[in-house]
Amino acid sequence: EAFYLATRDQMQRSLDDVREQMRNALVLAKRTAARDALMKSLRARLGVQVLLESPRVEVAVDPLRSIGPADAPVRIVEFSDFECPYCGSAEKTTKALLVKYPGKVSVAYRDFPLTGLHPGAQRAAEASRCAAQQGKFWPYHDRLFASGSLDIAQLKDHAREIGLDQTQFDT
């Protein structure tokens, strides 16, 4: 119940609707913690060493579509779709991280339009790149996620509203 109260702004369902899911998540978390503690004690007692490094992949980022310090200790590379409701809800968390940890987190945006599900996502991604060329990716990004429509007229309206050069944008 305490967890629900702490996160109810992000949940759009009542406590009764999510109670069982939350209970299952807590049981899973306890099992995972118990397993990790067991593994740690076995490794210590038996002298096991893990010599492999965790897999890591460097992902190229576009500095025009990045926010936060380039040398931040935590870099989030977000693959997103402007028409995806889940991506839109994740934006709130991303913005909260930037505010909560200023100077320690950076975010780089990468296009991942799911064209089979979201017919306007590709156009929106292309329009956001045009905004980036004029140095206004993030204001445009925020407008796209706040918008209910991603048709061409709306994309052009957003460009005009944030002060983009309309001729360059239309080209």
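One can find the structure itself at the top, above this paragraph.
The structure contained in this document is the topic of the report that follows.

Rules of the game
Residues numbered from 1 in each chain as written. Predicted model: local features only at pLDDT ≥ 70, side-chain atom pairs only at ≥ 80, totals over all residues. Heavy atoms only, no water. Axes fitted to C-alpha atoms, helices over the stretch in contact; angles between N-to-C directions. Helix = DSSP H or I, 4+ residues; strand = E, 2+ residues; numbered from the N terminus. Parallel < 35°, antiparallel > 145°, perpendicular 65-115°, else oblique. Left-handed = near helix turned anticlockwise from the far one by under 90°. Contact = heavy atoms within 4.5 Å. Nonpolar A, V, L, I, M, F, W, Y, C, P; charged D, E, K, R; others polar. Polar contact = N/O pair within 3.5 Å; in protein donor to acceptor, adjacent residues only side chain to side chain. 1 Å grid on protein atoms, 1.4 Å probe; cavity = no way out; pocket = protein on both sides within 12 Å on 5 of 7 lines; lining within 4 Å. Points joined across faces, edges and corners; volume = space filled by probe spheres on them. Core = buried A, V, L, I, M, F, W, Y, C linked by side-chain atoms within 4.5 Å. Buried < 20%, exposed > 50% of the residue type's maximum accessible area, 1.4 Å probe, protein only. Salt bridge = Lys/Arg side-chain N within 4 Å of Asp/Glu carboxyl O. Pairing = 2+ DSSP bridges.

This part takes up the packing of helix α3 (residues 85–100) against helix α5 (residues 137–146). Look at α3 against α5: their axes get within 10 Å of each other, and the N-to-C directions meet at 135 degrees. Taken together, α3 and α5 sit at an angle that is classed as oblique. Considering the relative orientation of α3 and α5, their crossing is left-handed. Where α3 approaches α5, its residues C87, G88, E91 and K95 are matched on the opposing element by H141, D142 and F145. Tallied by class, the residues present in the contact of α3 with α5 amount to two nonpolar, two polar and three charged.

Mapped onto the elements, S106 comes out in strand β3 (residues 105–111). Of the polar contacts made by the side chain of S106, one reaches the side chain of R75; its length is 3.0 Å. Excluding residues that lie within four positions of it along the chain, S106 makes contacts with I67, G68, P69, A72, V74, R75, I76 and L98.

Looking now at the layout of surface pockets. Space inside the largest pocket adds up to approximately 350 Å³. Lining the largest pocket are 13 residues, and of these Q12, P85, G88, S89 and K92 sit closest to its centre. By residue number, the principal contributor to the lining of the largest pocket is α3, which donates six residues. Residue classes in the lining of the largest pocket are distributed as five nonpolar, five polar and three charged.

For the rest of this paragraph, the subject is the nonpolar core. The biggest cluster of nonpolar side chains holds 22 residues, and the ones touching the most others in it are F82, Y140, L144, L155 and L164. Breaking this core down by element, the ones donating at least two residues are α3, β3, α4 (121–133), α5 and α6 (152–161). Residue contributions to this core peak at five residues, all from α5. In this view, L155 contacts R123, A124, A127, Y140, L144, L150 and F169; residues no more than four positions away in its chain are not counted.

Here the structure, examined in full by the defined rule, presents nine salt bridges. As a salt-bridge pair, R23 and E20 come within 3.0 Å of each other at their nearest N and O atoms. Remark: E20 and R23 occur in helix α2 (residues 15–46); sequence separation between them is three residues, near one turn of the helix. Through salt bridges that share partners, D62, R65, D111 and R129 make up one connected network.

The next point concerns the sheet that holds β3. With mixed pairing, three strands are arranged side by side in an open sheet as β1-β3-β2. Because the sheet does not close on itself, it has two edges, and the strands there are β1 (66–67) and β2 (74–80). For β2 and β3, the ladder comprises seven bridges, and the chain directions are parallel. Note that in β3 the partner of I76 across the bridge is V107. Contacts between α5 and the sheet are confined to β1, β2 and β3, with β3 contributing the most and set at about 65 degrees to the helix.

Honestly, that's just the spatial picture; any functional story needs more than this.
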